[in-house]
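Below, each chain spelled out in residue letters.
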Amino acid sequence: MSVRTAPAGAGSAIGSVAIAGCEEAGVFDELRGAVAARGAPPAAPTPSWRTFFATLPGGVTTDELAARAARVQRRVREDGATYNVHAPGARASREWPLQLLPVIVPPDDWAAIEAGVAQRARLLNATLIDVYGAQTLLHDAMLPPSLVFEHPQYLRAAHGIRPAGGVHLHVAAFDLARGPEGRWWVLAQRLQAPSGLGYLLENRLIVGREFHEAFDALHVHRVGSAFEGLLGTLRGLSVAGERARVVLLTPGPLHETYFEQVFLARHLGIALVEGSDLTVRERRVFLKTMQGLERVHVLLRRVDDEWLDPLELRPDSALGVPGLMQAARAGEVVIANAPGAGVLESPGLAAFWPGVALRLLGEELQLPASTHWWCGEDAVWQAQRAQLEDYVVAATFPGSAITQGFDPVVVADLGPAVRTALAARIDADPAAFTLQARVRPSLTPVWNGGNIDLRPAVLRVFALADGYGGWCVLPGGMARVASHRDRGLDPWLSMQHGSASADLWVTARAAAQTGPVLQTLLSSSAPHEQPQAVTSRAAENLFWLGRYTERAEYTVGLLRLALGALRHSDTALRGWLGELAAWYGLVAEDAPSPNTALPAFEHALVQALPVASGLGSVGFDLRALLACAQAVRERLSPDHWRLLQELDHHFEQHVASALAPSHPEGAAAALADVLGVLGRTATHLSAVTGAQTDRMVRDDGWRLLSVGRQIERLDTLCHALARGLQRGLAGSEEGFDALLGLFDAVVTYRARFQARRELRPMVELLVLDTDNTRSVAWVLRTLRERLRKLARVDGAWAVEATDALPAPEAWPIDELVQLDADGRPAALIERLDQMVAAVRELSDAIGNRLFAHVADGDRTVWQ
């Protein structure tokens, strides 16, 4: 490997790849392991980086690194890794911005970080014990009471709760930056529900495997054992020990880090649950599953403190579990981290930690924090007011009903008038503001469009409790890397403001571990010891995933049939198509009948396609399908999830193009385009059906999805067939073919019965044939079998519920084809209507029994 140097600012090169020079003097350069000096030529890369580049089999070339960057981004897309951005003008969900090059931390640096982070974790846990216990730190003015008691995440309801083993913190995250002098500084700490462990795993799986030669050559520490240790610690602290059920409590799919919550739950082999999945009975927490209530012993939470329990904390919370605090008081559940930990995240406390460390630990802090001044102390604010432009102004408290929160503000970037207004705001409410010294994080190499650039980076490292008062600092982590060199608008490099992520490699002097880059923890207990369950929320979403898939297929087929046949059909067929379209909400309520104003009806059909048209539109059904899938994303393969996203996106995009007000080729071409969109949508839906059939494990969740599809199919087809027979469609050639077409049975009918258009063979094929997957008899038999197998824990109810359904196999064919005075098969129509009513009653019964648990008596199946 050749390294060429040049004057500062001009950059250098590794192999044939240019390296940007360090334009900012006095900043630590991680690539070269030294502080950049203005006017001096850049030094050679550190031994770690030389080893890294030397291991590239294709050499250090632009093409080689570009190809690797493309593979990394492809892996991110294949995994469906996203980060939800909730900011004005930003997309709600964006691809996880993973940098190609890792951040490398050598052994000596890591030893200092490890010791300092472990000490900080011990300090914070001891502080929480005091704050929610004796409160000697407050009584002795080691911590200002107003800083603690005014914080919205100080939970009075948590006072006196004694977590198992005295462990308030189980996972603590720290944001670190290396200063110009080469020392590591603590910028912030995340304690209530620290995020990043799932993204850490994703980064390691992708980047570690992409550079596996360098990974091995640098003896990078593996992180898998730390996760196994975390699970063991949580189980060991619970009342159930090794048999404890651990779940990950998520705020839901709209949360910014939902992907990593799904990923982490998969890796740990635990259930991902929402607050609505849980219930508290007799001070114990239970998981609502299809088979009944199952005991939960440990909650690894991602829900913030004040949202955890609407009974004792925020009454408007829909994310928490009513009664959870009472269960915590009783010691019946371990909550990681314990409620109330968020109070110590306030930047206003930073200046007090050295004194608290001496009091509680008898130790000096090994990792210093950047300079902080809490303006709530009048003398402090008055002393610093004149130097305001030297600081970053941060919110002391997060936003709440009684406190104001805001993003950090770099005062030096503000104009004079804005700066004056900010000072006036601080004067009005000084306790709400904290001044932080501007930090100049070290620069790390990143791949940037054909060359290696240098960008500011902040590390996030994690400390995991061992349950006995000790801490394991996870030997790795993730880094946030600035999206551009000017970081003034975002001093802490937040992901919300566009920073990228990088894998954090901690190297060792000799190989201590071998094996894969990351080993998945499929389960920490044998399958027979802890039964796998489908939560009631997941069950409900799977059920409706099946129903909306079937409904979308049906409505797309109905629209294709209607738009293709309306202009060439008789009055009865038009009336039938119009009735079905109105029944399923495919046209607005005030839409004209196709028999009175055909062009206007066609126009209404087409205009009602997009999701904005509301309930009943194809766009709505596809969006609802996507929402149900998102709620159970952890059960879907990446290909399945991506297929559903593309289906929704492409439909909306192509429909909008077809319905553009000024279509270049006129209304007829627009209608042809719409039919083309519907055709492609039908093909996409067939692929979705294939994924549901062949790419999902056939467990109870899949069976419920199938039950949902069968119920929807019985409902739609029986209703459509009954209304068509009532209108006499079986007596006309066009009507006969339309009925077969809606059942997707034209080819099968012609293969069996050639050109005969008679009611009896139609009834045999569409109603009684147990080999036709769209016949009433086949669908009902499948529904009965899968529901009975699904509800095996409560088999008596399943048998009773399915026995109440009509039995087509017992319907006499002669009676079914008997015509009344009007030439209609009245007995068959009546039985089909009875079937529609029966399956709708069954759908309600499934909801009450398996989702809402409102049946008489609790069914606790596992404690």
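A. Highlighting the overall build of the chain. Along its length, the chain carries 27 helices and 27 strands. Against the compact-globule benchmark of 29 Å for 863 residues, the chain has a radius of gyration of 32 Å, which places it among compact chains. A principal-axis box enclosing the C-alpha atoms of the chain has dimensions of 100 × 65 × 60 Å. Per-residue burial over the chain gives 56% buried out of 863 residues. Excluding contacts between residues fewer than 6 apart, the proportion of contacts in the chain whose partners are at least 24 apart in sequence is 71%.

B. Examining the pattern of salt bridges more closely. Under the counting rule described, the total for this entry stands at 50 salt bridges. With its nearest N and O atoms 2.7 Å apart, the salt bridge here joins R178 to E30. Placement of the pair is R178 in strand β9 (residues 171-178) and E30 in the loop between β4 (28-29) and β5 (34-35), with a sequence separation of 148 residues. Exposure remark for R178: the relative accessible area of 4% places this residue in the buried category. Residues E602 and R567 are paired through a salt bridge, measuring 2.8 Å at the closest nitrogen-oxygen approach.

C. Structural context of the packing of helix α22 (residues 746-753) against helix α23 (residues 759-768). Running from amino to carboxyl end, α22 crosses α23 at an angle of 130°, the nearest separation of the two axes being 11 Å. With respect to each other, α22 and α23 are oriented oblique. Both α22 and α23 take part in a crossing whose hand is right-handed. Each of T748, Y749, R752 and F753 in α22 lies in contact with α23, whose residues at this interface are P761, M762, E764 and L765. For the contact of α22 with α23, the per-class residue count stands at 5 nonpolar, 1 polar and 2 charged.

D. Here's a closer look at the environment of S146. Along the chain, the position of S146 falls in helix α5 (residues 145-149). Separated by 285 residues in sequence, S146 and A431 have C-alpha atoms that sit 8.5 Å apart. In contact with S146, other than residues within four places in its own chain, are W374 and F397.

E. Highlighting the sheet that holds strand β18 (residues 372-374). Ordered by their spatial adjacency, 4 strands build an open sheet running β18-β21-β19-β20, and the pairing between neighbours is antiparallel. Here the strands that pair on one side only, and so sit at the sheet edges, are β18 and β20 (409-410). One ladder, built from 2 bridges, connects strand β19 (residues 391-395) with β20; its direction is antiparallel. Bridge pairing in β20 places V393 opposite V409.

F. Main features of the packing of aromatic side chains. Inspection of every chain in the model, using the stated rule, returns 20 aromatic pairs. Relative to F53, the ring of F52 lies with its centre 5.3 Å away and its plane at 90°, an arrangement referred to as edge-to-face. F53 carries the same exposure label as F52, and that label is buried. Taken together, a centroid distance of 5.2 Å and an interplanar angle of 10° make the contact between Y132 and Y154 stacked. Residue Y132 is found in the loop between α3 (107-131) and α4 (136-139), and its partner Y154 is found in the loop between α5 and β9; the two are separated by 22 residues along the sequence. Within the aromatic cluster, the residues linked to one another by ring pairs are W49, F52, F53, F211, F215 and W505. Directly above the aromatic system of F28 lies the positively charged group of R178, at a separation of 4.2 Å from the ring centroid. One Lys or Arg, R425, reaches over the ring of F406 and ends 5.6 Å from the middle of that ring.

G. Up close: the nonpolar core. The biggest cluster of nonpolar side chains holds 143 residues, and the ones touching the most others in it are F52 and L176. Apart from the residues within four sequence positions on either side, L176 is in contact with I113, V117, W184, W185, V186, L187, L367, V458, L459 and V461. Judged by nonpolar contacts, the second largest core, of 108 residues, contains L622, L625, L678 and L740.

H. Representation of helix α6 (residues 197-210) in the model. An ideal rise of 1.5 Å per residue puts 20 Å on 14 residues; α6 measures up with 20 Å between its terminal C-alpha atoms. The buried count for α6 comes to 13 of 14 residues, which makes it a mostly enclosed element.

I. Just the side chain of Q710, in detail. Secondary-structure assignment places Q710 in helix α20 (residues 700-726). Setting aside anything within four residues of it in sequence, one finds Q710 in contact with W778, V779, T782, L783 and R786.

J. Focus on the packing of helix α14 (residues 536-565) against helix α16 (residues 598-607). Interhelical geometry of α14 versus α16 gives an angle of 150° and a closest axis separation of 11 Å. Of the possible angle classes, the one that applies to α14 and α16 is roughly antiparallel. Judged by the twist between their axes, the crossing of α14 over α16 is left-handed. Contacts between α14 and α16 involve L559, A562 and L563 from the first element and E602, L605 and V606 from the second. Here the contact of α14 with α16 is built from residues that sort into 5 nonpolar, no polar and 1 charged.

Cut-offs applied
Residues numbered from 1 in each chain as written. Predicted model: local features only at pLDDT ≥ 70, side-chain atom pairs only at ≥ 80, totals over all residues. Heavy atoms only, no water. Helix = DSSP H or I, 4+ residues; strand = E, 2+ residues; numbered from the N terminus. Rg over C-alpha atoms; globule rule 2.2 N^0.38 Å. Buried < 20%, exposed > 50% of the residue type's maximum accessible area, 1.4 Å probe, protein only. Contact = heavy atoms within 4.5 Å. Salt bridge = Lys/Arg side-chain N within 4 Å of Asp/Glu carboxyl O. Axes fitted to C-alpha atoms, helices over the stretch in contact; angles between N-to-C directions. Parallel < 35°, antiparallel > 145°, perpendicular 65-115°, else oblique. Left-handed = near helix turned anticlockwise from the far one by under 90°. Nonpolar A, V, L, I, M, F, W, Y, C, P; charged D, E, K, R; others polar. Pairing = 2+ DSSP bridges. Phe/Tyr/Trp six-rings, centres within 6.5 Å; stacked < 30°, edge-to-face > 60°. Lys NZ or Arg CZ within 6 Å of the ring centre and 35° of its normal. Core = buried A, V, L, I, M, F, W, Y, C linked by side-chain atoms within 4.5 Å. Expected span 1.5 Å × (residues − 1).

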